[in-house]
Structures are given as structure tokens and as C-alpha cells.
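What follows is the residue order along each chain.
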Amino acid sequence: MFKYETIIYWSEEDKSYLAEIPELPGCMAHGDTYEAALANVQEAIQLWIDTAVEFGDSVPEPKGRRLMYA
């Protein structure tokens, strides 16, 4: 399991749980349940990292939590 900060919330508009990884721009997933969203975002993280490596982009080290909220 990855140690990136994961934000999971219910989207009334989408009628599903959304999971976002703020440290990996554009990395997000959804699921019908909280657990499904978490499992799906773990797969999305792996795909994000694999793609970054393939294109020679840097992969940020997980901070584990945000130090500041804006």
C-alpha cells in the first residue's frame, strides 16, 4: 500500500465516493463504497507512477500528510 495522502469524499453529483491523491496531479478514482474508492485509487497510484517512470518524469516521495491547507 502506498503512503500518499488520500482524500476520500462522497460526491452527491456523481453518486459515488471520490478518492484524490493531492501529491500526484490528476490521480483520482471513484467507487460505490468508501472501500472500493480506496482500492481503485491504489490502482490509479500504481498506474500514475508507472506512467511517470515510463516517460522519465519524477515521482514525488509521499509526505504522508499535508503540512498546510489552503
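Residues numbered from 1 in each chain as written. Predicted model: local features only at pLDDT ≥ 70, side-chain atom pairs only at ≥ 80, totals over all residues. Heavy atoms only, no water.

The name recorded for the protein chain in an unreviewed UniProt entry is Type II toxin-antitoxin system HicB family antitoxin, from Thiorhodococcus mannitoliphagus.

### Examining the side chain of Ser11
How we decide: Helix and strand definitions here come from DSSP, where helices need a minimum of 4 consecutive H or I residues and strands a minimum of 2 consecutive E residues; each element is numbered from the N-terminal end. Only protein chains enter the accessibility calculation, which uses a 1.4 Å probe; a residue is then buried when its area is under 20% of its type maximum, exposed when over 50%, and partly exposed in between. Whether two residues touch is decided by their heavy atoms; if any such pair falls within 4.5 Å, the residues are in contact.
Looking at the element boundaries, Ser11 is found in strand β1 (residues 7–11). The exposure class assigned to Ser11 is buried, which follows from its relative accessible area of 9%. For Ser11, the contacting residues outside a window of four places in its chain are Ser16 and Leu18.

### Looking at the nonpolar core
This is how the line gets drawn: Among buried residues, the Ala, Val, Leu, Ile, Met, Phe, Trp, Tyr and Cys ones that are joined through side-chain atoms within 4.5 Å form a nonpolar core.
If you look at the biggest cluster of nonpolar residues, it comprises 12 residues: Tyr4, Ile8, Ala19, Ile21, Leu24, Cys27, Ala29, Ala37, Val41, Ala44, Ile45 and Ile49. For this core, the element with the most residues is helix α1 (residues 34–54), which contributes 5 residues. Once residues within four sequence positions are removed from consideration, Ile21 is found in contact with Tyr4, Glu5, Thr6, Cys27, Val41 and Ile45.

### Quick word on the environment of Thr33
Using the following cut-off: Residues adjacent in sequence count toward polar contacts only when both atoms are side-chain atoms; beyond that, a polar contact is any pair of N or O atoms within 3.5 Å, and within protein one must be able to donate a hydrogen and the other to accept it.
Its location among the elements puts Thr33 in the loop between β3 (28–31) and α1. When the C-alpha atoms of Thr33 and Glu5 are compared, they prove to be 19 Å apart, with 28 residues separating the residues in sequence. At 3.0 Å, the side chain of Thr33 forms a polar contact with the backbone nitrogen of Ala36.

### Topic: the pattern of salt bridges
Where we set the bar: In what follows, salt bridge is the name for a side-chain nitrogen of Lys or Arg lying within 4 Å of a carboxyl oxygen of Asp or Glu.
Evaluated as defined, the whole model comprises 1 salt bridge. A salt bridge links Lys15 to Glu12; the nearest nitrogen and oxygen atoms lie 2.2 Å apart. Take Glu12: its relative accessible area is 49%, and that puts it in the partly exposed class.

### Description of unusual backbone geometry
At Lys15, a position not held by glycine, the phi torsion is positive, near 55 degrees. Along the polypeptide, Lys15 turns up in the loop between β1 and β2 (16–20).

### Here's the deal with the environment of Val59
Secondary-structure assignment places Val59 in the segment after α1. A sequence separation of 38 residues divides Val59 from Ile21, and the C-alpha atoms of the two residues are 13 Å apart.

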